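Tertiary structure, described
So the chains spell out like this:
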Amino acid sequence: MSNNDIKKTGKSFLSMFKRLFVRDKTEINVLEEEALRTPFKMVMSKLVRSKMALIGFFGFIAILLFSFVGSMIWPLDRTYTELTNMNLRPSRNFLRMPRSLNNKNVVKVVSGVSFSVALTDDGNLTMWGTECNIARESIADLIFDIPDAVKDAFIVDVEAGMRFIICKDKDGKFYGWGHSGHDQAKLPTDVKRIMDVRGSNIVKMEAGTLWSAALGHDGYLYVWGSRQAVNSFIVPGSLEGRIVDFAAGESNMALILDDGTLRVIGARGTEYFDNVPAELTDGSVQVAEVVSTSRNVLARDTNGHLYLWGSSIDGLLNMPEDLVPDKIIDIDAGYKNFVVVKDDGSVYIWGADDLKQLNVPQNLKGVTRVFADAFQFYAANDNGEIVGAWGNKGYIWGSDQFGRDIFTRIIHGGRISLTVGAVAVVISVTISIFIGLTSGFFGGWVDHGLMRLADIFDSIPFLPLAITLSYVIGFDMSESAKLYFIMLILGVLSWTGLARLIRAQLLLEREKDFVLAARALGIKQQGIMVRHILPNVFSYVIVSVTLSYAGMILTEAGLSFLGFGVKEPTPSWGNMLTSAEHSAVIAHYWWRWIIPALFVVAAALSINMLGDALREAMDPKSEER
Amino acid sequence: MIKYIIKRVVILIPVLIGISIILFIVSKMMPGDPVRMMLPLTIKPENYDAAYETMRARLGLDKSVVEQYFRWMYNIIIEGDLGFSALFRRPVVECIGEPLKNTIILNACINVLYLIIALPVGIRMAVKRGSLFDNGWQVFSLATYSVPSFFLALSLIFIFSITLGWLPLSGMPNASLLGGFDLFISWVRHLILPVVTLTIISLAGAIRYIRNAMIDALSQDYIRTARSKGLSEKVVIYSHAFRNALIPISTIIVGVIFSLFAGSAITEAVFSYHGIGRLLVTAVQGRDTMLVISMNLIFSVINVTAVLAADIVYGLIDPRIKLK
């Protein structure tokens, strides 16, 4: 049957339908099958039947989609860091309040990086969220290990630092636990003694990352914790005994004095320190309330006017325009946000949105105050019921040493790793094909010279040379230039194997009978090369490309792991693993190395499976048993 | 045969020259001023310029680049002098000695273990082709092919050192504190995890290679002849097939001997093992040009020699190979 006949039967719509759905074996005879099944179709049909190929194919497609589509959905700010949130384990329960809180009157909610504590009017503490500490002798207790003494005591005030909690009971007894590397969670004996001598009763407490502060009823402020903080927060003698309220940022504190004026102490030269509005200090208005984020202050005077100053980062100075400064019933501050509640229950929040802080629920009703402390916000009504919570829910795959979300970095790292591997393969294959074909086609001294060149590249070991080149030439490259350079190194150093294979196949195929037959038919030399020999060589190229793609991904991971690959802060699966050289990371922060490594394995494995199946499918001998 | 060997060696000469030129170019591109790194830190500011010029002349950096290259080659080939490490302030040869010894110890363990496992497994896979045994090891080989060595190393550290606490985390035995049998035990304990890691990683390729060589041998006509003669399966496999499969396998064995000297930068870095691979990373980070280039050169020469040795062994044991 000639080609035309086949085309005719194919044209009939009915017969096509028949061929698709009704299996009629008698219709196709041997010759027809011979004509119909191109080598490509044969390979495809074998591939579809191979379980390994399917798993590999769909696995790889899944990883590809995850990285490329995912990176469009979850954009990455490469230079973002939030050191307070470093090394948080995977979880999404930061905002999940226990049901036991439902019928209770919540007096106060405070939060640290990954946990929140509610104080109820029965003097009990309720905690939720995720553990943020690694228990280490004299440095840190687990935050969820509430001391028994606290459970038994009637607690009247509680404050949360980033990774520790301090509280006091109705007898004025002080408790603290959690991360205490600078003794910030333990009231030092000398401070305690001074308090006792003066007879100060603590009326207000604040807790930062490395320090705690307490205000006595007699106007004295006590700060303890890291030496630096204690030295920075020294209260001038003229203000001692006159403080009635205070709010603390990272390195500055705003104090309200008994005459209604406001003073800022702490680090000089900050906007917090320098930009205090004059009317607050000269006594022309009486300051009623002050709250502070890490670098900004929001103060309210007795007439209800708001004053805002401090750093311009995170948009904290951009107070919502529709916020009219009357009828405000509550102001509070998170780590990077201010919250204001008006008497109609509307909530205004502004500042950073890196952890979904501005994501206020729509259906809040009867809100009279919002508890803000770190990155979590809880809106409460008049009866002390929590009616809504928003802010940082947690990191699904944890956070790294700079407080970056590993999930987003895995997605974008995947994009980088897969792209670097792909480009490197393209470079390497292009060189291989060029050199292999030239060598096999021309033979003679060209072949000889090129093969010696391949010998040279083969003899210099890959990883040492790659490390050396990456460091030597990539030394003062910018981040993106280095990225391209890594692709180039990987590609240029790995062409020899495939080039030799192509050359050998070319020489082998050239001697085969079908080439002789083609030559006898008078087909031109070029035609023989392109139409008869190359297709036979390309099956090897395709298998080699697949397998070397997996190899490239692994090599990039290895190079980046050693610190010679993709430069931070651009993420790649390899450089996310760099810090795992330290045993503390291996032991305590498993999510920081297992997750990226699993992605490397999954990608390499699925590509290898596909490549293996491809090789089997293309090798006619594989069906012989 | 001698002609064959001579021809092989002659072919190597342009390769070696090419390698040395590439490495020389790389060394010229290293960041940092080699003269300044060689100057003692105690030098007085007023003598600095004079000392700088003297050192520059001593290092031969005032000559032309071509002259520098020939001088470098002359020093290596005739005087056996690899240069002076600016990082360790000792001759390169001295810096390499101790790490090389450690790497050889590590690799010797790996190679013995991996030959013991790979040979029987590969042969059995080929003989029982398609069986559960074959498929099981195929999966193993595919899986380990896809696992980066550092992940395997980290996982082993996590399981055996951190969770179970059976083995030391990383590092080296302390020879000054321990002696005799205790030192030996400490060596064994420090070696277990790197040896296991590298053995598993290198097994993947080897068992596939041996399996394929064996399958090739088993599909030959003389095997059919042997079987039709009525020889027992044991004789067919071990006497007829395996001996012929040994020809390609011999390449692996020669490679194994030479791989003793090649350090694994990644694994040695993970286990803080003071081997040659880790030394290279340290040297690159310390911008120690002479040490880096010398190590690359040594690795390359070892590689070239390994290829040569494999070729010669091939020619010796395979009578079919004739000189064309």
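Right, let's walk through the structure included here. Since the structure is predicted, the reported quantities are computational estimates derived from the model, not experimental observations. (Residues numbered from 1 in each chain as written. Chains lettered and ligands numbered in written order. Predicted model: local features only at pLDDT ≥ 70, side-chain atom pairs only at ≥ 80, totals over all residues.)

1. A closer look at the overall build of chain A
For chain A, the count of helices and strands is 19 helices and 21 strands. The C-alpha radius of gyration of chain A comes to 35 Å, more than 25% above the 25 Å expected for a compact globule of 625 residues. Taken along the three principal axes of its C-alpha coordinates, chain A extends 110 × 60 × 45 Å. Of all intrachain contacts in chain A linking residues separated by at least 6 positions in sequence, the fraction that spans at least 24 positions is 57%. (Helix = DSSP H or I, 4+ residues; strand = E, 2+ residues; numbered from the N terminus. Rg over C-alpha atoms; globule rule 2.2 N^0.38 Å. Contact = placed C-beta atoms within 7 Å.)

2. Focus: the packing of helix α8 (residues 180–218) of chain B against helix α10 (residues 233–259) of chain B
Residues and elements named next belong to chain B. In contact at an axis separation of 8 Å, α8 and α10 are set at 145 degrees when each is read in the N-to-C sense. The crossing of α8 and α10 is right-handed. Here α8 contributes Ala-206, Tyr-209, Ile-210, Ala-213, Met-214, Ala-217 and Leu-218 to the contact with α10, which in turn contributes Ala-241, Asn-244, Ala-245, Pro-248, Ile-249 and Ile-252. (Axes fitted to C-alpha atoms, helices over the stretch in contact; angles between N-to-C directions. Left-handed = near helix turned anticlockwise from the far one by under 90°.)

3. Let's talk about the sheet that holds strand β2 (residues 115–120) of chain A
Residue and element names in this part refer to chain A. Taking strand neighbours across the sheet as the criterion, the three strands line up as β1-β2-β3 in an open arrangement whose pairing is antiparallel. Edge positions in the open sheet fall to β1 (106–111) and β3 (125–129), since each of these has one partner strand only. Neighbouring strand axes in the sheet, compared pairwise and without regard to direction, differ in orientation by 20 degrees on average. Relative to β2, β1 runs antiparallel, the two being bridged by five bridges. Pairing of Ser-111 across the sheet is with Ser-116, part of β2. (Pairing = 2+ DSSP bridges.)

4. Some thoughts on the interface of chain A and chain B
Taken together, the 38 residues of chain A in the interface contact 38 residues of chain B. Where the side of chain A that touches chain B is concerned, the elements lending two or more residues are α12 (444–459), α13 (462–472), α17 (525–562), α18 (583–588) and α19 (591–618) of chain A. The greatest single-element share of the side of chain A that touches chain B, amounting to nine residues, is contributed by α19 of chain A. Split into classes, the residues belonging to the side of chain A that touches chain B amount to 28 nonpolar, five polar and five charged. (Nonpolar A, V, L, I, M, F, W, Y, C, P; charged D, E, K, R; others polar.)

5. Observations regarding α13 of chain A
Because an α-helix packs 3.6 residues into every turn, residues spaced three or four apart end up facing the same way. The buried fraction of α13 of chain A is high, at nine of eleven residues. Taken together, the buried positions of α13 of chain A are Leu-463, Pro-464, Leu-465, Ala-466, Ile-467, Thr-468, Leu-469, Ser-470 and Val-472 of chain A. In this structure, the buried side of α13 of chain A is in contact with α14 (479–492) and α17 of chain A together with α1 (2–29), α11 (265–270), α12 (276–285) and α13 (289–317) of chain B. (Buried ≥ 20, exposed ≤ 12 C-beta atoms within 10 Å, placed from the backbone.)

6. Considerations on the pairing of strand β17 (residues 337–342) of chain A
Residues and elements named next belong to chain A. In terms of burial, β17 is largely enclosed, as five of its six residues are buried. Direction of pairing for strand β16 (residues 328–333) relative to β17: antiparallel, over a ladder of five bridges. Bridged to Ala-333 within β17 is Phe-338. Counted between consecutive antiparallel strands, the loop separating β16 from β17 contains three residues. In terms of strand pairing, β17 meets strand β18 (residues 347–351) through five bridges, oriented antiparallel. Looking at β18, one finds that Val-341 is bridged to Val-347. What sits between β17 and β18 in their antiparallel hairpin is a turn of four residues, with Gly-345 showing a positive phi close to 90 degrees.

7. Observations concerning the sheet that holds strand β13 (residues 287–292) of chain A
Residues and elements named next belong to chain A. Judged by pairing direction, the sheet is antiparallel, and its three strands sit side by side in the order β13-β14-β15 without closing on themselves. Lying at the two open borders of the sheet, with one neighbouring strand each, are β13 and β15 (306–310). For this sheet the average axis-to-axis angle between neighbouring strands, irrespective of direction, equals 20 degrees. Of the strand pairs in this sheet, β13 and strand β14 (residues 296–301) are connected by five bridges, and their pairing is antiparallel. Residue Glu-289 lies in a different strand from β14, and its bridge partner there is Arg-300.

8. Side note on the environment of Gly-208 of chain A
Residues and elements named next belong to chain A. Mapped onto the elements of the fold, Gly-208 is located in the loop between β7 (202–207) and β8 (211–216). Sequence-wise, Gly-208 and Gly-161 are 47 residues apart; in three dimensions their C-alpha atoms are separated by 4.7 Å. Each residue touching Gly-208, except ones within four places of it in the same chain, is listed here: Gly-161, Ala-248 and Glu-250.

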